[in-house]
Amino acid sequence: MEAPVLPHNVSTTQHLAQDPQSRWREDIVKSTTLLATRHTSASIKLGTKLGGSSSTPVEPIKPLLELSLGDPSGSLTVPLHPVFDHAAPRNVSAMTDNTAYLHCLVHNLGNKSVSWIRRRDLHILSVGRYTYTTDERYQVINSPGSKDWILKIKYAQVRDAGMYECQVSTKPVRSYSVHLHIFEPKAEIIGSPDVHVDMGSTINLTCIITHGTQPPAYVFWYHNGRVVNSESQRRSVTIVSDTGTTTTTLLLIQDARDSDTGSYSCAPSNTAAASLTVHVLNEIDFESPKYDIYKILCMSAINERK
């Protein structure tokens, strides 16, 4: 078996509660969704078109070329050397802790070997069907007769992102590069860490989850460690899927009360929860006798400034 050669030049909206019973909820959902969209576009820029493999079970990719059949008309000269099939995606995206699959289709391999190399550290990951790394997350999949040499990376992490090179041991070496993009989901509540609202007003909490390739299976809201009861007439939980890369969930609480004060958490299924504290402010009745001392102190401070 020939050793690999290292590169020379490395360079919907879905409601979780009952439908809104009044116009105020619809208006707030529309306006908050617009705000969330602007916030997302301004602060979250993925910059990479998602494509390629995912965490679903892998199967060999169907080749674009079929060189094994030859050309009955004789008008096409079939190459005798190994040829890469461009059906294999050059950009692959995966979520953290999911499995990433990098494909490399080779025709006319003959007695040559296929290797996978990680560009950032020039680490040889595999030669043929054998892995050459102590990281057990890496595995090569190639069924007998298949032209697809698949590099499998289990429990993908952000550090795994970057360029990978599929090499065929010809002279000179032939290579096919694949860029792996790893997306780490993140939840953020707009306005954190503290939100202040007046007694009797509407509490409007917006949580944005950036997830890259797959939306969360569910999102729960918690108040002081307890799941928010969205069936209450005062409360409404709404999930809005903006694009393929973000999900927005809204928690609306009408007629804010003292009991609504406390910690609120937005907990998606695919990442850590985001939290903030809501403070419901009471309107002060300065005519009440219990504020006499407060008024005396205020007058004293005013007199000192004169």
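We now turn to the structure provided with this report. (Residues numbered from 1 in each chain as written. Predicted model: local features only at pLDDT ≥ 70, side-chain atom pairs only at ≥ 80, totals over all residues. Heavy atoms only, no water.)

## Here we look at the nonpolar core
Leu 102, Val 106, Trp 116, Leu 151, Ile 153, Tyr 164 and Leu 180 are the most contacted members of the largest nonpolar core, which totals 26 residues. Secondary structure elements with two or more residues in this core: β3 (91–95), β4 (100–102), β5 (105–107), β6 (114–118), β9 (138–141), β10 (150–153), β11 (162–168) and β12 (174–183). Broken down by element, the residue count for this core peaks at four residues, all from β12. Leaving out residues up to four positions away in the same chain, Tyr 164 has contacts with Leu 102, Trp 116, Ile 117, Arg 118, Leu 125, Tyr 138, Leu 151, Ile 153, Tyr 176, Ser 177, Val 178 and Leu 180. With 21 residues, the next largest nonpolar core counts Leu 205, Val 219, Leu 251 and Ala 256 among its residues. (Core = buried A, V, L, I, M, F, W, Y, C linked by side-chain atoms within 4.5 Å. Buried < 20%, exposed > 50% of the residue type's maximum accessible area, 1.4 Å probe, protein only. Helix = DSSP H or I, 4+ residues; strand = E, 2+ residues; numbered from the N terminus. Contact = heavy atoms within 4.5 Å.)

## Considering the side chain of Arg 118
Following the sequence through the fold, Arg 118 ends up in strand β6. Relative accessible area serves as the criterion here: at 10%, Arg 118 is assigned to the buried category. Setting aside residues up to four positions removed in sequence, Arg 118 forms contacts with His 123, Leu 125, Tyr 138, Met 163 and Tyr 164.

## As for the pattern of salt bridges
Going through the model one piece at a time under the given rule, you end up with eight salt bridges. Between Asp 260 and Arg 235 there is a salt bridge, and its shortest N-O distance comes to 3.3 Å. Here Asp 260 is found in the loop between β19 (246–253) and β20 (262–268), whereas its partner Arg 235 is found in strand β18 (residues 235–241), with 25 residues between them in sequence. Residues Asp 260 and Arg 235 agree in their burial class; the two are buried. Ionic pairing is found between Arg 257 and Asp 255, a salt bridge with its closest N-O pair at 3.8 Å. Linked by salt bridges that have partners in common, Arg 118, Arg 120 and Asp 121 make up one network. (Salt bridge = Lys/Arg side-chain N within 4 Å of Asp/Glu carboxyl O.)

## Some words on the side chain of Glu 165
When you line up the elements, Glu 165 lands in strand β11. Within the structure, the side chain of Glu 165 is placed 2.8 Å from the side chain of Gln 167, a separation counted as a polar contact. (Polar contact = N/O pair within 3.5 Å; in protein donor to acceptor, adjacent residues only side chain to side chain.)

## Here we look at the pairing of strand β13 (residues 186–189)
A one-sided burial pattern is seen for β13, the buried positions being Ala 187 and Ile 189 and the unburied ones Lys 186 and Glu 188. Bridge analysis of β13 against strand β15 (residues 203–210) gives four bridges, and the strand direction is antiparallel. Paired with Glu 188 across the bridge in β15 is Ile 208. (Pairing = 2+ DSSP bridges.)

## A closer look at the state of the cysteines
Evaluation of the coordinates by the stated rule reveals two disulfides. Covalent S-S linkage joins Cys 104 and Cys 166, the inter-sulfur distance amounting to 2.0 Å. On the S-S bond that ties Cys 104 to Cys 166, the torsion sits near -75°, and the link is left-handed. Of the two residues, Cys 104 sits in the loop between β4 and β5 while Cys 166 sits in strand β11, which places them 62 residues apart along the sequence. (Disulfide = S-S within 2.5 Å.)

## Examining the sheet that holds β10
In spatial order, the strands read β4-β10-β9; together these three strands make up an open sheet with antiparallel pairing. Where the open sheet ends on each side, the last strands, each with one partner, are β4 and β9. Pairs of neighbouring strands in the sheet enclose a mean axial angle of 25°, with direction left out of account. Sheet topology places β4 next to β10; three bridges connect them, and they run antiparallel. In the strand pairing of β10, Leu 102 is matched with Leu 151. (Axes fitted to C-alpha atoms, helices over the stretch in contact; angles between N-to-C directions.)

## Remarks on the packing of aromatic side chains
Within the structure shown, the criterion is met by two aromatic pairs. A centroid spacing of 5.5 Å and a plane angle of 35° characterise the contact between Phe 84 and Tyr 176, whose relative ring orientation is tilted. Taken together, the residues span a long stretch of sequence, with Phe 84 in strand β2 (residues 83–85) and Tyr 176 in strand β12 at a distance of 92 residues. With relative accessibility at 13%, the residue Phe 84 sits in the buried group. Given a relative accessible area of 2%, Tyr 176 falls into the buried group. With a centroid separation of 5.0 Å and an interplanar angle of 40°, the aromatic rings of Tyr 218 and Phe 220 are classed as tilted. According to the relative accessible area criterion, Phe 220 is partly exposed, its value standing at 38%. When the ring centre of Tyr 176 is taken as reference, the NZ or CZ atom of Arg 90 above it lies at 3.9 Å. (Phe/Tyr/Trp six-rings, centres within 6.5 Å; stacked < 30°, edge-to-face > 60°. Lys NZ or Arg CZ within 6 Å of the ring centre and 35° of its normal.)

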